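# Overview (structure and organization)
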Amino acid sequence: MASLNVGPLGEYIREQRRNAQYSLRQLAEAAGVSNPYLSQIERGLRKPSAEILQQIAKALRISAETLYVQAGILEERRGEGLELRASILADPLINERQKQALLAVYDAFLKENAAAADQVTAADGAEDPAGGVGGSTDEHRGEAP
């Protein structure tokens, strides 16, 4: 039988559970999975489905995408800030409302930067064929110092 490489996923879930100060039983109940099944996941004996990972992520109040990356379902995307999100969510010095507010601000910055990148891409497509670039001297307007 081929061995599953789910140990790092299980370790990650266990770490997040401990950071959230949940017992195994409490997380299993919150995620809607059985206690033995969650234990097997944490010990690297079972590879959970994407749906189960989503339930666990919701119970832990972390991004399901983070667990998908840990499970190898998704590739970690450059600059997506998964480690930052995990750090914010694991921080015991701020409450849940504050964590969600920080994440909302971070997401707003990511959207703003993506929109600006889209505008640059569109402007690049509108360059003249000779290679001239039409530009603006106020390209940094609106950025925080």
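The structure contained in this document is the topic of the report that follows. None of the values given here were measured: they were computed from a predicted structure. All residue numbers here refer to positions counted from 1 along the written sequence of the relevant chain. Where totals are concerned, whole chains, interfaces and linings use all residues; where local detail is concerned, this predicted model gives features only for residues with pLDDT of at least 70, and gives and counts side-chain atom pairs only at 80 or more. Only hydrogens and water are set aside when side-chain values are computed; all heavy atoms of the structure are taken into account.

Below, the discussion takes up the pattern of salt bridges. Salt bridges are identified by distance alone: a Lys or Arg side-chain nitrogen within 4 Å of an Asp or Glu carboxyl oxygen. Evaluation of the coordinates by the stated rule reveals 4 salt bridges. Between Arg61 and Glu96 there is a salt bridge, with its nearest N and O atoms 3.8 Å apart. With Arg61 in the loop between α4 (50–60) and α5 (64–71) and Glu96 in helix α7 (residues 96–125), this pair connects stretches of sequence that are 35 residues apart. Residue burial is assigned from relative accessible area. The probe radius is 1.4 Å, only protein chains are included, and a residue is buried under 20% of its type maximum, exposed over 50%, and partly exposed in between. On the accessibility criterion, Glu96 (29% relative accessible area) is partly exposed. A network of salt bridges, in which partner residues are shared, links Arg14, Arg17 and Glu42. Here a helix means four or more residues in a row that DSSP labels H or I, a strand means two or more in a row labelled E, and each is numbered from the N terminus.

Our focus in this paragraph is the packing of α4 against α5. Every axis corresponds to a line fitted to the C-alpha atoms, with the helix fit spanning only the stretch in contact, and the corresponding angles, defined between N-to-C directions, vary from 0 to 180 degrees. Running from N to C, α4 and α5 cross one another at 130°; their axes reach a closest spacing of 8 Å. On the basis of the axis angle, α4 is oblique to α5. Of the two possible hands of crossing, α4 and α5 adopt the one that is right-handed. Residues Ala50, Leu53, Gln54, Ile56 and Ala57 of α4 lie in contact with α5, whose contacting residues are Ala64, Leu67, Tyr68 and Ala71. By the convention adopted, Pro, Cys, Tyr, Trp, Phe, Met, Ile, Leu, Val and Ala count as nonpolar, Lys, Arg, Asp and Glu as charged, and the other residues, Gly among them, as polar. Of the residues in the contact of α4 with α5, the class split is 8 nonpolar, 1 polar and no charged. Relative orientations are named as follows: roughly parallel for angles under 35 degrees, roughly antiparallel for angles over 145 degrees, roughly perpendicular for angles from 65 to 115 degrees, and oblique for any other angle. Crossing handedness follows the turn of the near helix against the far one: under a right angle anticlockwise gives a left-handed crossing, and clockwise gives a right-handed one. By the convention used here, residues are in contact when the closest approach between their heavy atoms is within 4.5 Å.

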